[in-house]
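Coordinate analysis (summary)
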Amino acid sequence: MSEAEDKEELGADLLSALKGAPEQESPDVLAGFQRKLRARSGGKFYADGWSTSRHPPINTYLITSLLMLAVLGSVYALLAPLSGEPVKIENTPQPVQVISPKPAP
Amino acid sequence: MEPEDKEEARFVARLAARDERAFNELVVLYQERVFRILLRMLGRRDEAEDMAQEVFVQVFKAVSTFRGDSKLSTWIYRIAVNLCKNRVKYLKRRKSDAQDEYEALAEHSALTSGSGFTSGDVARPDQMVEGMQLERVVQLCIVELEPDFREVLILRDVEDLSYDEVCEVTGLPEGTVKSRLHRARGMLKQAVQRKMGERAR
């Protein structure tokens, strides 16, 4: 029996029902794959756990960096006035006196 | 070599070099198709999800042995089908009752998604319900088929793979694939008629 006859016997309704998707949305296989590979390779692959993920938590890292910058800036702003003017150091050399050797008696 | 083949060869080279980003692309590209096949073969969403992750781990392990004799997709399907068959055997040994969960899943999906049936496609609501019911029954009957028949039916009639591709995935000669497919369609039709009859009563 040919393919066409075979399909005809199966019926158009049944064929279309066959193709009907049974699942809801497909799961996020990537995260599970990365987790498994990281565990099985002893951390050799996907080691950092976020940079290679599909949705890395960029906002968390961005906010943390900005907060750290703000802290450093305020520390600098607080401490800079305390440092005052630098003390001037006199370090000009004294004039050199040349002493001639005493004549022998 | 076709430009498409060249591109695939470059991609495979990145995979063989264990490029993590290439693997991310691979998973994103194939996860839906792999998951769909596994879900139909196994009939359980949790099992299919776990198995899909396992398929890509196996691809990661074995990609250096991929010689490009077949398409990358066919090779991935083969890994998926082989893992799936082993899992089915294991679950059968454990006498896992996949049917109940699949029934719930099929019922849920039929009611939530309608799976392709829209009010525009079907003139009357009762016809739509009938269509959804048939779809649900068909999904149940696929899971009840023997794995050898189920795999050829899914690959050919659901995933629309060519006979050559089905042969490559299953490792069977074309004649065997055709005869199994013929028998699988017959068994499916009988099972659906039987189930629809039961429901009508």
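Residues numbered from 1 in each chain as written. Chains lettered and ligands numbered in written order. Predicted model: local features only at pLDDT ≥ 70, side-chain atom pairs only at ≥ 80, totals over all residues.

Topic: the overall build of chain B
If you tally the helices and strands in chain B, you get nine helices and zero strands. When the helices and strands of chain B are read in sequence order from the N terminus, they spell out α-α-α-α-α-α-α-α-α. The proportion of buried residues among the 201 residues of chain B is 37%. In chain B, 66% of the contacts between residues at least 6 apart in sequence involve partners at least 24 apart. (Helix = DSSP H or I, 4+ residues; strand = E, 2+ residues; numbered from the N terminus. Buried ≥ 20, exposed ≤ 12 C-beta atoms within 10 Å, placed from the backbone. Contact = placed C-beta atoms within 7 Å.)

Topic: the confidence of the model for chain B
All names here are of chain B. Confidence in the prediction of chain B, expressed as mean pLDDT, is 82, and 79% of residues score 70 or more. Across residues 110-123, where pLDDT falls below 50, the model places 19 contacts with residues more than four positions away in sequence or in other chains. Quick note on the complex model: pTM equals 0.68, ipTM equals 0.74. (pLDDT = per-residue confidence, 0-100.)

Some points on helix α4 (residues 58-79) of chain A
Taking 1.5 Å per residue as the helical rise, α4 of chain A with its 22 residues ought to reach 32 Å, and the 32 Å between its terminal C-alpha atoms agrees with that figure. Counting buried positions along α4 of chain A yields zero of 22 residues, so the element is predominantly exposed. (Expected span 1.5 Å × (residues − 1).)

A short note on the packing of helix α2 (residues 20-42) of chain B against helix α7 (residues 147-158) of chain B
Residues and elements named next belong to chain B. Direction vectors running N to C along α2 and α7 enclose 140°, while the axes themselves pass 10 Å from each other. Relative to α7, α2 is oriented oblique. For the pair α2 and α7, the crossing hand works out as right-handed. Taken together, the residues of α7 that come into contact with α2 (itself represented by I37, R40 and M41) are R150, E151, I154 and V158. The residue makeup of the contact of α2 with α7, split by class, is four nonpolar, no polar and three charged. (Axes fitted to C-alpha atoms, helices over the stretch in contact; angles between N-to-C directions. Parallel < 35°, antiparallel > 145°, perpendicular 65-115°, else oblique. Left-handed = near helix turned anticlockwise from the far one by under 90°. Nonpolar A, V, L, I, M, F, W, Y, C, P; charged D, E, K, R; others polar.)

Structural notes on the environment of A17 of chain B
All names here are of chain B. You can see A17 is positioned in the loop between α1 (3-16) and α2. You can call A17 exposed: it has 10 C-beta atoms within 10 Å. Put simply, A17 and S64 are 47 residues apart on the chain and 8.3 Å apart in space, counted from C-alpha to C-alpha.

Things to note about the packing of helix α3 (residues 29-40) of chain A against α2 of chain B
Axis separation between α3 of chain A and α2 of chain B bottoms out at 9 Å; the angle between their running directions is 120°. Comparing the axis directions of α3 of chain A and α2 of chain B gives the class oblique. Taken as a pair, α3 of chain A and α2 of chain B cross one another with a handedness that is right-handed. Of α2 of chain B, the residues touching α3 of chain A (which contributes V29, L30 and F33 of chain A) are N24, V27, V28, Q31 and F35 of chain B. Looking at the contact of α3 of chain A with α2 of chain B residue by residue, the class counts come to six nonpolar, two polar and no charged.

Description of the environment of A17 of chain A
Within the secondary structure, A17 of chain A is located in helix α2 (residues 12-19). Sequence-distant contacts of A17 of chain A, that is, excluding residues within four places in its chain, are made with L134, E135 and V138 of chain B.

Here's the deal with unusual backbone geometry
Residue and element names in this part refer to chain B. Residue R18 is not a glycine yet carries a positive backbone phi of 60°. In this fold, R18 is placed in the loop between α1 and α2. Since 14 C-beta atoms lie within 10 Å of it, R18 is described here as partly exposed. For D160, which is not a glycine, the phi torsion comes out positive at approximately 60°. Note that D160 resides in the loop between α7 and α8 (163-170).

What to know about the nonpolar core
All names here are of chain B. Counting 52 residues, the largest nonpolar core has V34, L38, A80 and V138 as the members making the most contacts within it. The biggest single contributor to this core is α2, with eleven residues. Contacts of A80, omitting those with residues within four sequence positions, involve V34, I37, L38 and V55. (Core = buried A, V, L, I, M, F, W, Y, C linked by C-beta atoms within 7 Å.)

So, the confidence of the model for chain A
Mean pLDDT over chain A: 81, with 88% of residues reaching 70 or higher. Mean pLDDT across the secondary structure elements of chain A bottoms out at helix α1 (residues 3-10) of chain A, with 74, and peaks at α4 of chain A, with 92.

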